[in-house]
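Here's the letter readout for the chains.
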Amino acid sequence: MRLYSLSVLYKGDPKVHLLKAAYDVSTFNFFQRSSVQEFMTFTSQLIVERSELGSRASVKEQEYLCHVYVRNDGLAGVVIADNEYPQRVCFTLLDKVLDEFSRQVSKIDWPSGSPETISYTALDGYLSKYQNPRDADPMTRVQAELDETKIILHNTMESLLERGEKLDDLVSKSEVLGAQSKAFYKTARKQNSCCEIM
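Residues numbered from 1 in each chain as written. Predicted model: local features only at pLDDT ≥ 70, side-chain atom pairs only at ≥ 80, totals over all residues. Heavy atoms only, no water.

By the naming in an unreviewed UniProt entry, the protein chain is YKT6 v-SNARE homolog, taken from Strix occidentalis caurina.

What follows is the structure in structure tokens.
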């Protein structure tokens, strides 16, 4: 799971322009990084341009997903991630970034702003923090812990069943137990297995 780009844009009347962006192109070939970054900027602008005000969408492009959120005031955010990255976490990140951006950067600066003139520095921090959704998002963390507990519980049940089967073999082979004890064990085992099905 990986995030490649986090952008804040403004959807004005004539066109969409980039206000601020952060990129992680470290997984790409060194000589292709600037082209990849330009393509991500172009794709982000195009997606925002074609999205309606007040809308959210996820657009698939090859093995990447572009998640876009355009607010009613024209402020927009785009996250470019791989296919495995959870969609809910992307939109949570976009909500958080756009809310914080609108509080820190005056609305007057949005139509004329550019990455050089806008003084908002939190995007790089968010991009690195959200690389691992489990660490950044509490719900993802809880879900992962539940999945781990489920696996542990499943393995424990399997080992208990194996132990139960071995216990049956030991009881039947035992010379020490009397016939009455063996009958009691078999009856109890039948009763317990009957109740497990219900």
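The next thing to look at is the overall build of the protein chain. The helix and strand inventory of the protein chain stands at six helices and five strands. Helices and strands in the protein chain line up, N terminus first, as β-β-α-β-β-β-α-α-α-α-α. Burial status across the protein chain gives 37% buried among its 198 residues. Taking contacts inside the protein chain between residues at least 6 apart in sequence as the whole, the part at least 24 apart equals 53%. (Helix = DSSP H or I, 4+ residues; strand = E, 2+ residues; numbered from the N terminus. Buried < 20%, exposed > 50% of the residue type's maximum accessible area, 1.4 Å probe, protein only. Contact = heavy atoms within 4.5 Å.)

Attention shifts here to the confidence of the model for the protein chain. Residue-level pLDDT values for the protein chain average 78, and 72% of them are 70 or greater. Confidence scores differ between elements of the protein chain, with helix α5 (residues 138-173) showing the lowest mean pLDDT of 61 and strand β5 (residues 75-82) the highest of 89. (pLDDT = per-residue confidence, 0-100.)

Counting across every chain of the model gives six aromatic pairs. Between the aromatic rings of Tyr-4 and Tyr-64, the centroid separation amounts to 5.4 Å while the plane-to-plane angle is 90°, which identifies the pairing as edge-to-face. Of this pair, Tyr-4 sits in strand β1 (residues 3-11) while Tyr-64 sits in strand β4 (residues 64-70), placing them 60 residues apart in sequence. Each member of the pair, Tyr-4 as well as Tyr-64, carries the same accessibility label: buried. Here the aromatic rings of Tyr-10 and Trp-110 are separated by 6.3 Å at their centres, their planes lie at 50°, and the arrangement is tilted. Taken together, the residues span a long stretch of sequence, with Tyr-10 in strand β1 and Trp-110 in the loop between α2 (87-104) and α3 (123-129) at a distance of 100 residues. For Tyr-10, a relative accessible area of 15% puts it in the buried group. Among the aromatic residues, ring-to-ring pairing joins Tyr-4, Phe-28 and Tyr-64 into one connected group. For Arg-56, the ring lying beneath its charged end belongs to Tyr-69, and the centroid distance is 4.0 Å. (Phe/Tyr/Trp six-rings, centres within 6.5 Å; stacked < 30°, edge-to-face > 60°. Lys NZ or Arg CZ within 6 Å of the ring centre and 35° of its normal.)

Burial within β1 is extensive, with eight of its nine residues counted as buried. Pairing geometry for β1 and β5, over seven bridges, is antiparallel. Within β5, the residue paired with Val-8 across the bridge is Gly-77. Relative to strand β2 (residues 16-23), β1 runs antiparallel, the two sharing seven bridges. Directly across from Val-8, in β2, lies its bridge partner Lys-20. From the end of β1 to the start of β2, which pair antiparallel, there are four residues. (Pairing = 2+ DSSP bridges.)

Backbone geometry at Gln-62 places phi at a positive 55°, although glycine is not the residue there. Turning to its location among the elements, Gln-62 is positioned in the loop between β3 (55-61) and β4.

Bringing α2 into the picture now. Along its 18 residues, α2 runs 26 Å from first to last C-alpha, staying within 8% of the 26 Å computed at 1.5 Å per residue. Every buried residue of α2 is listed here: Val-89, Cys-90, Phe-91, Leu-93, Leu-94, Val-97, Leu-98, Glu-100 and Phe-101. (Expected span 1.5 Å × (residues − 1).)

Let's shift gears to the pattern of salt bridges. Counting across every chain of the model gives four salt bridges. Arg-71 is paired through a salt bridge with Asp-73; the nearest N and O atoms lie 2.6 Å apart. Judged by relative accessible area, Arg-71 falls into the buried class, the value being 13%. Looking at Asp-73, the relative accessible area reads 23%, which means it is partly exposed. One salt-bridge network, in which partners are shared between bridges, spans Arg-71, Asp-73 and Asp-99. (Salt bridge = Lys/Arg side-chain N within 4 Å of Asp/Glu carboxyl O.)

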